Amino acid sequence: MKFKIPLFPESFELSLPSGLKVHPEQLETLDQIESQLNENLMQEVIEKMHKFYVEGQAHIREMLPTMIQLGAMTQEQYDLLQKDCPSTETIDDFVEYLEAPFHIRIPEPENCEDGSFGLTAECKWDQEHGVGVWFEKWKPVRVGFAEAGYPW
């Protein structure tokens, strides 16, 4: 199942553990995803993802002198990595740095509640950890690395 979500460059795909089927409890949320996730809500999600990114970049810049001193990174390596990163000043091109796979993650049927699900994506600036958001009652409540978009 693929879902087109406003403002994102590619469709999201439902992600279930291998061999599992979508249960009726989960179908309710899936049936409503495209209608509930409008441009305004998704703009809020993108802003929150960008804020998470900006905070991470500030932390890296703060630690850079120590990383250079310890030999973990050079200034040249850091500068090269920054060429593949979105702006910290504006969110205008932020979604262009998000990459497939894009996934929708829903809780197990016994934990399924209306509007509770996650969205995850890879990202150019951190391909190891990605970025994710968890929704409850159709509101983004947790944004962070991709694991934030998983049901816990």
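Please refer to the structure higher up on the page.
Values in this document were obtained by computation on a predicted structure and should not be read as measured data. (Residues numbered from 1 in each chain as written. Predicted model: local features only at pLDDT ≥ 70, side-chain atom pairs only at ≥ 80, totals over all residues. Heavy atoms only, no water.)

**Things to note about the packing of helix H2 (residues 39-70) against helix H3 (residues 75-82)**
Here comes step 1: Close contact between H2 and H3 brings their axes to 10 Å; oriented N to C, the two are set at 160 degrees. One finds that H2 runs roughly antiparallel with respect to H3. Contact with H2, carried on its side by Gln57, Ile60, Arg61, Leu64 and Ile68, involves Gln75, Tyr78 and Gln82 of H3 and no other residues of that element.
Here comes step 2: Class assignment for the residues of the contact of H2 with H3 results in four nonpolar, three polar and one charged. (Axes fitted to C-alpha atoms, helices over the stretch in contact; angles between N-to-C directions. Helix = DSSP H or I, 4+ residues; strand = E, 2+ residues; numbered from the N terminus. Parallel < 35°, antiparallel > 145°, perpendicular 65-115°, else oblique. Contact = heavy atoms within 4.5 Å. Nonpolar A, V, L, I, M, F, W, Y, C, P; charged D, E, K, R; others polar.)

**Description of the environment of Gln43**
Here comes step 1: Along the polypeptide, Gln43 turns up in helix H2.
Here comes step 2: Sequence separation between Gln43 and Glu76 is 33 residues, and the spatial gap between their C-alpha atoms is 34 Å.

**A short note on the pattern of salt bridges**
Pairing between side chains becomes possible if they bear opposite charge and their charged atoms approach one another.
Here comes step 1: Tallied over the full model, the rule gives three salt bridges.
Here comes step 2: Two residues, Lys2 and Glu13, come together in a salt bridge whose shortest N-O distance is 3.4 Å. Residue Lys2 is found in strand S1 (residues 2-3), and its partner Glu13 is found in strand S2 (residues 12-14); the two are separated by eleven residues along the sequence.
Here comes step 3: Using a relative accessible area of 28% as the deciding quantity, one classes Glu13 as partly exposed.
Here comes step 4: Ionic pairing is found between Lys48 and Glu44, a salt bridge with its closest N-O pair at 3.7 Å. Taken together, the residues Lys48 and Glu44, both in helix H2 and four residues apart, mark about one turn of the helix. (Salt bridge = Lys/Arg side-chain N within 4 Å of Asp/Glu carboxyl O. Buried < 20%, exposed > 50% of the residue type's maximum accessible area, 1.4 Å probe, protein only.)

**Observations regarding the nonpolar core**
Here comes step 1: Counting 31 residues, the largest nonpolar core has Phe8, Leu37, Leu98, Ile104 and Leu119 as its most contacted members.
Here comes step 2: Secondary structure elements with two or more residues in this core: S2, helix H1 (24-36), H2, strand S3 (98-105), strand S4 (117-123) and strand S5 (131-136).
Here comes step 3: Counting residues per element, this core draws most heavily on H2, at six residues. (Core = buried A, V, L, I, M, F, W, Y, C linked by side-chain atoms within 4.5 Å.)

**With respect to unusual backbone geometry**
Here comes step 1: The omega torsion across Ala100 and Pro101 is 10 degrees, close enough to zero to call that bond cis.
Here comes step 2: Secondary-structure assignment places Pro101 in strand S3.
Here comes step 3: The backbone phi angle of Leu7 is positive, close to 75 degrees, even though this residue is not glycine.
Here comes step 4: Among the structural elements, Leu7 can be located in the loop between S1 and S2.
Here comes step 5: Residue Leu7 is classed as partly exposed on the basis of its relative accessible area of 32%.
Here comes step 6: Despite not being glycine, Lys137 shows a phi value in the positive range, around 50 degrees.
Here comes step 7: Considering the arrangement of structural elements, one finds Lys137 in the loop between S5 and strand S6 (139-144).

**Examining the pairing of S3**
Here comes step 1: Sheet analysis places S2 next to S3, joined by two bridges and oriented parallel. Looking at S3, one finds that Glu13 is bridged to His103.
Here comes step 2: Here S3 runs beside S4; their pairing, made up of six bridges, is antiparallel. Directly across from Ile104, in S4, lies its bridge partner Leu119. (Pairing = 2+ DSSP bridges.)

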